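Reading the structure
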Amino acid sequence: MNYWLFKSEESVFSIGDLARAPGKTTCWEGVRNYQARNFLRDDVKKGDGVFFYHSNCDVIGIAGTAAVVKEGYPDHYAWDGSSKYFDARSTPEKPVWFMVDIKLRKKLRRVIPLAELRENPALKDMKILQKGCRLSVTPVAKSEWEAILRMENKPGA
DNA sequence: GCCAACGTTGGC
DNA sequence: GCCAACGTTGGC
């Protein structure tokens, strides 16, 4: 059982969108970075915990939690010519890109802002907080997972 | 295999 | 909108 953080631009797909999705479940399509692809293909397992992170928006931070309900499988948007995620290098025979399915566990009572995450000493080694980290899928340590969940009810603490 | 140019990400 | 940091591309 591992933990992850998935980034999403709030205006593209938000925690609210996930809550409204059928079965509160969505596939995590469109990851087009090899390092993130490797995580999705090889390491993200059913039952793993996922932090849902809003990027590029007013309140940047962790908006909710989700669980992996389906392990890595080919991202078929890559071979859909009409998709913005199309990539001719990927075929059904030799898929290049992979995705998983996640299901909403819960929307947090507040978005835990990035600035607060940075202030928490328990999170100083967290991947997402490292300078220049642009990976959209990153591992989260168990201690980090628990520390963040404790922040939900402690605004400004 | 090097590396400059370019495109993208994402916080601010 | 700006710009730093990063990943990818492609010429050599």
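First, a word on scope: everything that follows refers to the structure included in this document. (Residues numbered from 1 in each chain as written. Chains lettered and ligands numbered in written order. Predicted model: local features only at pLDDT ≥ 70, side-chain atom pairs only at ≥ 80, totals over all residues. Heavy atoms only, no water.)

Turning our eyes to something else, we now look at helix α4 (residues 142–151). Regarding α4, the residues found buried are E144, W145, A147, I148 and M151. Next to the buried residues of α4 lie β1 (3–9), β3 (49–55), β4 (61–74), β5 (98–113), α3 (114–119) and β6 (137–140). (Buried < 20%, exposed > 50% of the residue type's maximum accessible area, 1.4 Å probe, protein only. Helix = DSSP H or I, 4+ residues; strand = E, 2+ residues; numbered from the N terminus. Contact = heavy atoms within 4.5 Å.)

In this structure, F6, I102 and V137 are the most contacted members of the largest nonpolar core, which totals 20 residues. Elements represented by at least two residues in this core include exactly β1, α1 (15–20), α2 (34–43), β3, β4 and β5. Residues contacting V137, with those up to four places away along its chain left out, are W4, L5, F6, V31, A36, F39 and L40. Grouped together as the second largest cluster of nonpolar side chains are 18 residues, I62, L114, M126 and A147 included. (Core = buried A, V, L, I, M, F, W, Y, C linked by side-chain atoms within 4.5 Å.)

Before going further, it helps to examine α2. Among the residues of α2, those classed as buried are A36, R37, F39 and L40. The arc that holds the buried residues of α2, viewed along the axis, is 160°, so those residues lie on one side. Measuring from the side-chain oxygen of the N-cap residue of α2 to the backbone nitrogen of Q35 gives 3.0 Å; that N-cap residue is N33. (Arc of directions from axis to C-beta. Polar contact = N/O pair within 3.5 Å; in protein donor to acceptor, adjacent residues only side chain to side chain.)

The next thing to look at is the layout of surface pockets. Looking at the largest pocket, its volume works out to about 480 Å³. Taken together, 19 residues form the lining of the largest pocket, with K7, S8, E9, E29 and Y85 sitting closest to its centre. Per element, the largest residue contribution to the lining of the largest pocket is 3 residues, and it comes from β1. Within the lining of the largest pocket, the residues separate by chemical class into 7 nonpolar, 6 polar and 6 charged. (1 Å grid on protein atoms, 1.4 Å probe; cavity = no way out; pocket = protein on both sides within 12 Å on 5 of 7 lines; lining within 4 Å. Points joined across faces, edges and corners; volume = space filled by probe spheres on them. Nonpolar A, V, L, I, M, F, W, Y, C, P; charged D, E, K, R; others polar.)

The next thing to look at is the packing of aromatic side chains. Counting across every chain of the model gives 9 aromatic pairs. Where F13 meets W28, the ring centres are 6.5 Å apart and the plane angle is 90°; that geometry is what we call edge-to-face. Residue F13 is located in the loop between β1 and α1, and its partner W28 is located in the loop between β2 (25–27) and α2; the two are separated by 15 residues in the primary sequence. Take F13: its relative accessible area is 21%, and that puts it in the partly exposed class. (Phe/Tyr/Trp six-rings, centres within 6.5 Å; stacked < 30°, edge-to-face > 60°.)

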